[in-house]
Amino acid sequence: HITDESARMNVNLAPPAVLMSILKIDGERARQLRERLPRLDGSASTENENRRWLSSVDELASLPLLPADTLTPERRADLTTFSALEMKSPAGFVNLNTASKPVLEAALAVTPDVADKVMLARPLTSLDALVAAAGKGPDTFNFKPAADDPGGMPKELAFSSRCFRIRSTASLTRNNDDPNAKPIQSIVEAVVQFPENEAPRVVYWNEPPVGAASTTAK
């Protein structure tokens, strides 16, 4: 089973406005969460700061600043920490052609109705098509264009994917000669990135012992 990790929102790289939308939290909590993560402009943290990347979406649940009901199963399914090929200079980590409605709402700062229009216009292949579907310019999105190109495509957004989650499940029988032998499942899950002109790279691997429960990190 293959799913598109670029269809999810990367919580490590989301500005406060995106965090507010995707997590349904207020501005103060969104700013506090952002202050726990490395700076989006790539500048170094001060000695008094303790900023670090989240290694999985599950880490959000352990943060005391977020309400206990923040990380619902539905929201968890729309989040990731793996989609950016380069964390220090991230680009193209949200695929607008596969993103869910909540991810589109958060990335583009649009209402659910407008997100529906964007989804109906897919596949999108250009900024002009995106602007026409959204009914507004890129300078109004929650991900902003570069300062020297205010009408350009925000670097975080893309029309294709370069990160996928692959889950393989097999049923095994310990003793084929025993008619009462019950099959057990073996599960392997990986997140694989596909950089342009480079070999694919595995950034997450989960292989529980045979028969053990799977603990999937998102």
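Please read these numbers as outputs of a predicted model, since none were measured by experiment. (Residues numbered from 1 in each chain as written. Predicted model: local features only at pLDDT ≥ 70, side-chain atom pairs only at ≥ 80, totals over all residues. Heavy atoms only, no water.)

### A few points about the overall build of the chain
Step number 1: Secondary structure assignment for the chain yields six helices and eight strands.
Step number 2: Ordered by position from N to C terminus, the α and β elements of the chain give β-β-α-α-α-β-β-α-α-α-β-β-β-β.
Step number 3: Reported as C-alpha extents along the three principal axes, the dimensions of the chain are approximately 70 × 45 × 35 Å.
Step number 4: Each of the 218 residues in the chain was classed as buried or not, and the buried ones make up 42%.
Step number 5: When the accessible area of the chain is evaluated, it comes to approximately 11800 Å², of which 52% is carbon and sulfur surface.
Step number 6: Side-chain charges in the chain split into 25 positive and 28 negative, and the spacing between the mean points of these groups amounts to 3 Å. (Helix = DSSP H or I, 4+ residues; strand = E, 2+ residues; numbered from the N terminus. Buried < 20%, exposed > 50% of the residue type's maximum accessible area, 1.4 Å probe, protein only. Areas by Shrake-Rupley, 256 points an atom, 1.4 Å probe, with all protein chains shown as cover. Lys, Arg positive; Asp, Glu negative; His and termini not counted. Charge placed at Lys NZ, Arg CZ, Asp CG, Glu CD.)

### Comments concerning the packing of helix H4 (residues 101-108) against helix H5 (residues 112-120)
Step number 1: Axis separation between H4 and H5 bottoms out at 9 Å; the angle between their running directions is 105 degrees. Between H4 and H5, the angle is such that the two are roughly perpendicular. Contacts between H4 and H5 involve Lys101, Leu104, Glu105 and Leu108 from the first element and Pro112, Ala115, Asp116, Val118 and Met119 from the second.
Step number 2: Looking at side-chain class alone, the contact of H4 with H5 contains six nonpolar, no polar and three charged residues. (Axes fitted to C-alpha atoms, helices over the stretch in contact; angles between N-to-C directions. Parallel < 35°, antiparallel > 145°, perpendicular 65-115°, else oblique. Contact = heavy atoms within 4.5 Å. Nonpolar A, V, L, I, M, F, W, Y, C, P; charged D, E, K, R; others polar.)

### As for the sheet that holds strand S7 (residues 184-193)
Step number 1: Spatial ordering of the open sheet is given by S1-S6-S7-S8, a layout of four strands whose pairing is antiparallel. Because the sheet does not close on itself, it has two edges, and the strands there are strand S1 (2-4) and strand S8 (201-206). Shown here is a sheet whose adjacent strand axes are inclined to one another by a mean of 20 degrees, direction ignored.
Step number 2: Two elements, strand S6 (residues 163-172) and S7, share ten bridges in a ladder whose sense is antiparallel. Each residue of the ladder has a partner; that of Leu172, found in S7, is Ile184. (Pairing = 2+ DSSP bridges.)

### Examining the packing of aromatic side chains
Step number 1: Enumeration according to the criterion identifies three aromatic pairs in this entry.
Step number 2: A ring pair is formed by Phe82 and Tyr204, whose centres lie 5.4 Å apart and whose planes are at 35 degrees; its orientation type is tilted. You can see Phe82 sitting in the loop between strand S3 (79-80) and strand S4 (94-95) and its partner Tyr204 sitting in strand S8, a full 122 residues away along the chain. A single burial state applies to Phe82 and to Tyr204, both of which are buried.
Step number 3: Arranged with centres 5.9 Å apart and planes meeting at 85 degrees, the rings of Phe93 and Phe143 form a pair that is edge-to-face. Separated by 50 residues along the polypeptide, Phe93 in the loop between S3 and S4 and Phe143 in the loop between helix H6 (127-134) and strand S5 (157-158) bring together distant segments of the chain.
Step number 4: Residue Phe143 is classed as buried on the basis of its relative accessible area, which comes to 2%. (Phe/Tyr/Trp six-rings, centres within 6.5 Å; stacked < 30°, edge-to-face > 60°.)

### Notes on the pattern of salt bridges
Step number 1: In the structure shown here, the tally under the stated rule is 13 salt bridges.
Step number 2: Arg165 is the salt-bridge partner of Glu5, the closest N and O atoms lying 2.9 Å from each other. Here Arg165 lies in strand S6 and Glu5 lies in the loop between S1 and strand S2 (9-10), a separation of 160 residues in the sequence. Like Glu5, the residue Arg165 is buried in the burial classification.
Step number 3: Glu198 is the salt-bridge partner of Arg201, the closest N and O atoms lying 3.9 Å from each other.
Step number 4: Taken together, the shared-partner salt bridges connect Glu5, Arg8, Arg165, Arg167 and Glu189 into one network. (Salt bridge = Lys/Arg side-chain N within 4 Å of Asp/Glu carboxyl O.)

### Regarding the confidence of the model for the chain
Step number 1: The share of residues in the chain with pLDDT of 70 or more is 91%, and the mean pLDDT across the chain is 90.
Step number 2: This model gives residues 213-218 a pLDDT under 50, and the stretch forms 29 contacts once residues within four places in sequence are excluded. (pLDDT = per-residue confidence, 0-100.)

### Considerations on the environment of Leu79
Step number 1: Assignment of secondary structure puts Leu79 in strand S3.
Step number 2: Leu79 sits 16 residues away from Asn95 along the chain, and the two C-alpha atoms are 13 Å apart.

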